[in-house]
Amino acid sequence: MRAVDIIAKKRDGEELSANEIGFFVQGLVSGEIPDYQVAAWAMAVVWRGMTPAETAALTMAMVRSGEVMDLARLGPVVVDKHSTGGVGDKTTLVVAPLVSAAGLPVAKMSGRGLGFSGGTLDKLEAIPGFDVSLSTGAFLATAREAGIVVAGQTGDLVPADGKLYALRDVTATVPSLPLIASSIMSKKIAGGADAIVLDVKVGKGAFMRTLDDARALAEAMIAIGRQVGRRVTAVLSDMNQPLGLAVGNALEVAEAIAALRGEGPEDLVEHCLVVAAEMLVLGERAADPAEARVQLEALLADGSALERFRRWVRAQGGDPRVADDVGMLPTAPVMRAVEAPRGGFLAGIDAEEVGLVSVALGAGRQRKGDPIDPAVGIVLGPKVGARVEAGERLLTVHAHTEDDADEAARRLLAAYTWSEEPVATPPLVYDVIRGE
């Protein structure tokens with residue numbers, strides 16, 4: 001078997017066998033197939049696409065390229081979640097304790113932010129002492145002890161994906177549904193999940209800008225799950241405006257804690273209940289989302305979810321007192337209230353621009369390895385559809401310097417659009433797609 005023949009076969013639009021794909025992935029990881037041939041193959045995939053069978057074969061070949069977590073001791077069904085990324089998306093910090101408190105263990109490999117999309121690990125590290133760098137043994141021990149663990153991916157997990165993505169990033173081959181879907185699903189499967197809930201974001205603050213594109217990605221990942229024996233549900237959710245009010249690491253942790261106390265923004269709480277309910281159904285803890293929601297609302301009301309958050313923070317080396325005193329989180333030296341320049345109805349808040357401003361403040365990274373300032377960010381006031389009076393507080397900028405606050409305020413005001421007529425509140429969830 002030769003790499004050049006596999007490249008030519010895909011170039012000509014033919015279907016590759018599982019053996020051919022496995023050979024290619026093995027050669028990628030070992031270095032026997034050079035980068036220029038891998039890049040040529042990736043471009044052929046972008047041009048010609050892949051069948052569901054090919055995409056599933058690629059996913060499993062990447063899974064087999066490294067370590068596969070065995071979570072069987074945690075319970076009969078282990079359910080994971082994945083978000084395709086967004087602005088103000090602190091969903092895991094709320095959903096994980098909720099689902100764990102309902103009796104379903106949560107053991108999740110997560111990532112850091114890049115570009116305008118915030119990362120769960122960066123948020124968690126805003127909690128004093130919280131350790132996200134766990135060995136495989138510590139990861140499993142923490143999951144057993146606390147019923148919940150969220151940590152960074154080890155280098156031994158799906159090394160093929162890391163190598164392939166590094167090439168895709170510099171060869172204009174990132175926008176390919178089969179390659180995106182297999183990248184996401186390979187990490188989830190290698191992480192030990194039996195069932196997966198995908199939170200696929202749609203809109204200006206997401207990587208999938210249109211509902212059609214988001215649906216196509218969701219259906220591709222569900223098809224992979226079907227091919228390899230995993231149950232997958234996809235929630236298509238809005239990201240044209242930020243989720244919740246807080247954007248920035250410590251600010252989002254504080255908002256997640258407020259949500260666990262039953263005091264969070266309505267859109268964040270509702271979104272988390274939808275995702276968590278689907279996880280309980282896949283985890284066989286509820287017959288349907290309605291039954292799951294009753295359980296979850298009770299866990300919020302009686303404090304069980306917040307107590308599970310404390311237990312989780314303690315298990316990963318953090319100070320659990322943060323659940324009762326968010327003043328322990330880092331705070332920015334400059335807090336600038338920004339007032340509405342006019343009255344009217346809010347017609348739009350550009351989520352991407354809000355995310356980019358938060359990165360400019362220091363809450364995100366523009367390049368891998370950039371330092372993060374956990375204290376800075378933005379807290380929004382009224383959201384789309386609200387009636388606002390001139391001079392009303394529109395948002396608050398949390399910055400390191402006065403100059404940073406000035407520039408952020410200028411850019412953020414330009415991210416708002418207005419209407420003289422009432423504007424409908426945008427849908428929070430467009431659809432829920434359930435696999436077989």
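Look up: the structure comes first, before these words.
Conventions used here
- Residues numbered from 1 in each chain as written.
- Predicted model: local features only at pLDDT ≥ 70, side-chain atom pairs only at ≥ 80, totals over all residues.
- Heavy atoms only, no water.
- Helix = DSSP H or I, 4+ residues; strand = E, 2+ residues; numbered from the N terminus.
- Expected span 1.5 Å × (residues − 1).
- Buried < 20%, exposed > 50% of the residue type's maximum accessible area, 1.4 Å probe, protein only.
- Contact = heavy atoms within 4.5 Å.
- Pairing = 2+ DSSP bridges.
- Axes fitted to C-alpha atoms, helices over the stretch in contact; angles between N-to-C directions.
- Phe/Tyr/Trp six-rings, centres within 6.5 Å; stacked < 30°, edge-to-face > 60°.
- Right-handed = clockwise from strand over helix to strand, strands pointing away.
- Salt bridge = Lys/Arg side-chain N within 4 Å of Asp/Glu carboxyl O.

## Observations concerning helix α4 (residues 52-63)
A rise of 1.5 Å per residue sets the reference length of α4, with its 12 residues, at 16 Å; its end C-alpha atoms lie 16 Å apart and thus fit the reference within 8%. Burial within α4 is extensive, with 10 of its 12 residues counted as buried. Listed as buried for α4 are Glu54, Thr55, Ala56, Ala57, Leu58, Thr59, Met60, Ala61, Met62 and Val63. Each element contacted by the buried residues of α4 is listed here: α1 (3-11), α2 (18-30), α3 (35-48), α8 (159-170), α9 (177-190) and α10 (211-228).

## Observations regarding the sheet that holds strand β6 (residues 246-247)
In spatial order, the strands read β6-β9-β11-β7; together these 4 strands make up an open sheet with antiparallel pairing. Pairing within the sheet leaves two strands with one partner each, and these edge strands are β6 and β7 (334-339). Pairing between strand β9 (residues 377-380) and strand β11 (residues 393-399): 4 bridges, direction antiparallel. Looking at the pairing, Val379 lines up with Thr396 of β11. Along the sheet, helix α15 (residues 351-361) contacts β6, β9 and β11; its crossing angle with β9, the most-contacted strand, is approximately 140°.

## Description of the packing of aromatic side chains
This model, assessed by the stated rule, comprises 3 aromatic pairs. Ring centres of Phe130 and Trp312 lie 5.9 Å apart, and the angle between their planes is 90°; on these two criteria the pair is classed as edge-to-face. You can see Phe130 sitting in the loop between α6 (120-124) and α7 (136-146) and its partner Trp312 sitting in helix α14 (residues 304-315), a full 182 residues away along the chain. Comparing Phe130 with Trp312 shows no difference in burial state: the two are buried.

## Re the sheet that holds strand β13 (residues 429-434)
Taken in spatial order, the 4 strands make up an open sheet running β1-β4-β5-β13, and their pairing is mixed. At either margin of the open sheet sits one strand with a lone partner, and together these are β1 (79-83) and β13. Adjacent strand axes in the sheet meet at a mean angle of 15° when their direction is disregarded. Of the pairings in the sheet, the one linking β1 to strand β4 (residues 195-202) comprises 5 bridges and is parallel in character. Paired with Lys81 across the two strands is Val197, which belongs to β4.

## Thoughts on the pairing of β4
The buried fraction of β4 amounts to 8 of the 8 residues, a majority that puts the element mostly inside the structure. Burial along β4 is two-sided: the residues Ala195, Val197, Asp199 and Lys201 and Ile196, Leu198, Val200 and Val202 are all buried. Of the strand pairs in this sheet, β4 and strand β5 (residues 231-238) are connected by 8 bridges, and their pairing is parallel. Considered in β5, the bridge of Lys201 is made with Ser237. Read from β4 through α10 to β5, the crossover connection turns out right-handed.

## Describing helix α12 (residues 266-282)
Compared with an ideal rise of 1.5 Å per residue, which puts 17 residues at 24 Å, α12 spans 25 Å between its outermost C-alpha atoms and is within 8% of the ideal. Judged by how many residues are buried, α12 sits mostly within the fold: 14 of 17 residues are covered.

## Let's talk about the pattern of salt bridges
In this structure the tally under the stated criterion is 29 salt bridges. Put simply, Lys188 and Asp80 hold a salt bridge, and the shortest N to O gap is 3.0 Å. With Lys188 in helix α9 and Asp80 in strand β1, the pair connects residues that are 108 residues apart, well separated along the chain. Judged by its relative accessible area of 4%, Lys188 is buried. Taking relative accessible area as the criterion, Asp80 reaches 5% and is therefore assigned buried. Between Arg434 and Glu278 there is a salt bridge, with the nearest N and O atoms lying 2.6 Å from each other. Linking Arg434 in strand β13 with Glu278 in helix α12, this pair joins segments that are 156 residues apart in sequence. You can call Arg434 partly exposed: its relative accessible area is 47%. In this structure Glu278 comes out as buried when scored by relative accessible area, which is 3%. Among the charged side chains, a network of salt bridges with common partners joins Arg261, Glu263, Glu307, Arg310 and Asp324.

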